[in-house]
Amino acid sequence: MSDGPRIYSDEEFALVLRKAAELGRQAEPALPSSTGLTLTEMKAAAAQVGFDPALVERAARMLATTVALSPFERLIGGPMRHERQTRFPVMLDDTTAARLLSAVRVGSSLAGRQDVGHSSAVGMTWHDGGDTQPLSVTARPDESDVGVSVVLDRRGTLGMVALISGILIFFTVIIATFALYPVAPALGIGGFIAGVTSILTVARRYWVSSTRKARERIGVVMDAIDRTLMRPESKP
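Residues numbered from 1 in each chain as written. Predicted model: local features only at pLDDT ≥ 70, side-chain atom pairs only at ≥ 80, totals over all residues. Heavy atoms only, no water.

Before we go on, may I ask you to explain the pairing of strand β2 (residues 116–120) in this structure?
Each regular strand carries side chains that alternate between the two faces of the sheet. Sheet analysis places β2 next to strand β3 (residues 123–127), joined by five bridges and oriented antiparallel. Across the sheet, residue Ser119 finds its bridge partner in β3, namely Met124. The turn joining β2 and β3, which pair antiparallel and follow one another in sequence, is formed by two residues. (Pairing = 2+ DSSP bridges. Helix = DSSP H or I, 4+ residues; strand = E, 2+ residues; numbered from the N terminus.)

Given below as structure tokens:
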């Protein structure tokens, strides 16, 4: 056996950090933070353990803002409107704005359909022209940076889910009332409850699944924006 210090691989180092975090949670109760960490503090902490601070800054920009859901949104399993807002330390000119518009179109996978966009040194706007789930992107320059907003409105999709669920519930009521209840009242009542419960469960699962896909879609667009604006030729 060697008497020298053990050399840990990158994979082992990651496991050590993960285990240390688990031991820390076990050793002391989790307390709510009253101050949190600034981006500068997170970058400094990341640098101490070998992470690239630039990647930490990029990840912070990509992080979705935590928004409190309404009781109805918690009930259905996700928000009706998704929005990401962040700022990039770049200056916006005609060339950068045009490149940004092109990147958004490609990132959204809707280029050449019903999308509408405009770009110039005073800003960039784009929307996909969708009816049930429109996606829009806005970039507005400031004195020293650019504010970007990505919005996905899913109220139209919720309306379609509600309409289809309502139709299915209507037919469930008809079947339970006129086909099952005359044969056996308990069967009619049980069929109605089971049918409605199944419809609402399927609708909620669909909404949860589509919410996850909506977030992934916004993430792809945000990544395209980040890669475009943070290219070396895009910086002032």
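Text resumes after the structure shown.
For this particular structure, what's the right way to read the side chain of Thr228?
Examined against the element boundaries, Thr228 turns out to sit in helix α7 (residues 185–229). Thr228 gets classed as buried once you look at its relative accessible area, which sits at 3%. Within the structure, Thr228 has its side chain in polar contact with the backbone oxygen of Ala224 (distance 2.7 Å). (Buried < 20%, exposed > 50% of the residue type's maximum accessible area, 1.4 Å probe, protein only. Polar contact = N/O pair within 3.5 Å; in protein donor to acceptor, adjacent residues only side chain to side chain.)

Help me understand the layout of surface pockets, please; the structure alone is not making it clear to me.
Once rolled over the atoms, a probe with the size of a water molecule shows which space is left empty. What the second largest pocket holds in volume is close to 230 Å³. In this structure, the second largest pocket is lined by Phe72, Leu75, Ile76, Leu158, Val161, Ala162, Ser165, Leu200, Ala203, Arg204 and Trp207. Among the secondary structure elements, those contributing two or more residues to the lining of the second largest pocket are α4 (71–76), α6 (155–180) and α7. Looking at side-chain class alone, the lining of the second largest pocket contains nine nonpolar, one polar and one charged residues. (1 Å grid on protein atoms, 1.4 Å probe; cavity = no way out; pocket = protein on both sides within 12 Å on 5 of 7 lines; lining within 4 Å. Points joined across faces, edges and corners; volume = space filled by probe spheres on them. Nonpolar A, V, L, I, M, F, W, Y, C, P; charged D, E, K, R; others polar.)

Just checking my understanding: could you explain the sheet that holds β2 for this structure?
Sheet strands pair via backbone hydrogen bonds, and the direction of the pair is either parallel or antiparallel. The antiparallel open sheet is built from five strands, whose spatial order is β1-β5-β4-β3-β2. Across the chains shown, the open sheet's two edge strands, defined by having one partner strand only, are β1 (81–88) and β2. Neighbour-to-neighbour, the strand axes of this sheet turn through a mean angle of 10°, independent of strand direction. Here strand β4 (residues 135–141) runs beside strand β5 (residues 146–153); their pairing, made up of seven bridges, is antiparallel. Within β5, the position partnered with Leu135 by the bridge is Leu152. (Axes fitted to C-alpha atoms, helices over the stretch in contact; angles between N-to-C directions.)

Help me understand the environment of Ala98 in this model?
On the secondary structure map, Ala98 appears in helix α5 (residues 94–107). Placed 22 residues apart in sequence, Ala98 and Ser120 show a C-alpha to C-alpha distance of 6.9 Å.

Can you help me understand the packing of aromatic side chains in this one?
When we look at a pair of aromatic rings, we describe it by the centre distance and by the angle of the planes. Overall, the coordinates contain one aromatic pair when judged by the stated rule. Judged by centre distance (5.6 Å) and plane angle (70°), the ring pair of Phe170 and Phe171 falls under edge-to-face. Positioned above the aromatic ring of Trp207 is the side chain of Arg154, whose terminal nitrogen or guanidinium carbon lies 3.9 Å from the ring centre. (Phe/Tyr/Trp six-rings, centres within 6.5 Å; stacked < 30°, edge-to-face > 60°. Lys NZ or Arg CZ within 6 Å of the ring centre and 35° of its normal.)

Help me understand the packing of α5 against α7, please; the structure alone is not making it clear to me.
Geometrically, a packed helix pair is captured by the angle between its two axes and the distance between the axes. Where α5 meets α7, the closest approach of the two axes is 9 Å, and the angle between their N-to-C directions is 155°. The angle between α5 and α7 falls in the class roughly antiparallel. For the crossing formed where α5 meets α7, the hand is right-handed. Across the interface between the two elements, Thr96, Arg99, Leu100, Ala103, Val104 and Gly107 from α5 touch Val220, Val221, Ala224, Ile225, Thr228 and Leu229 from α7. (Parallel < 35°, antiparallel > 145°, perpendicular 65-115°, else oblique. Left-handed = near helix turned anticlockwise from the far one by under 90°. Contact = heavy atoms within 4.5 Å.)

Even after reading the chapter, I still don't get a nonpolar patch on the surface, so can you show me in this structure?
Together, Leu163, Ile167, Phe170, Phe171, Ile174 and Phe178 line one region of the surface with nonpolar side chains, adding up to about 650 Å² of accessible area. You can see Leu163 is positioned in helix α6. On the accessibility criterion, Leu163 (56% relative accessible area) is exposed. (Patch = residues over 30% accessible without salt bridge, like charges linked within 9 Å, V, L, I, M, F, W, Y side chains within 5 Å. Areas by Shrake-Rupley, 256 points an atom, 1.4 Å probe, with all protein chains shown as cover. Salt bridge = Lys/Arg side-chain N within 4 Å of Asp/Glu carboxyl O.)

Quick question: what am I supposed to make of the nonpolar core here?
Within soluble globular proteins, side chains that are nonpolar generally end up buried alongside one another. Val104, Met124, Val137, Val148, Val150 and Ile225 are the most contacted members of the largest nonpolar core, which totals 22 residues. Put simply, the parts of the chain that give this core at least two residues each are α5, β3, β4, β5 and α7. Per-element accounting of this core gives the leading share, six residues, to α7. Among residues more than four places away in sequence, those in contact with Met124 are Ala97, Leu100, Leu101, Val104, His118, Ser119, Val137, Thr138 and Ala139. (Core = buried A, V, L, I, M, F, W, Y, C linked by side-chain atoms within 4.5 Å.)

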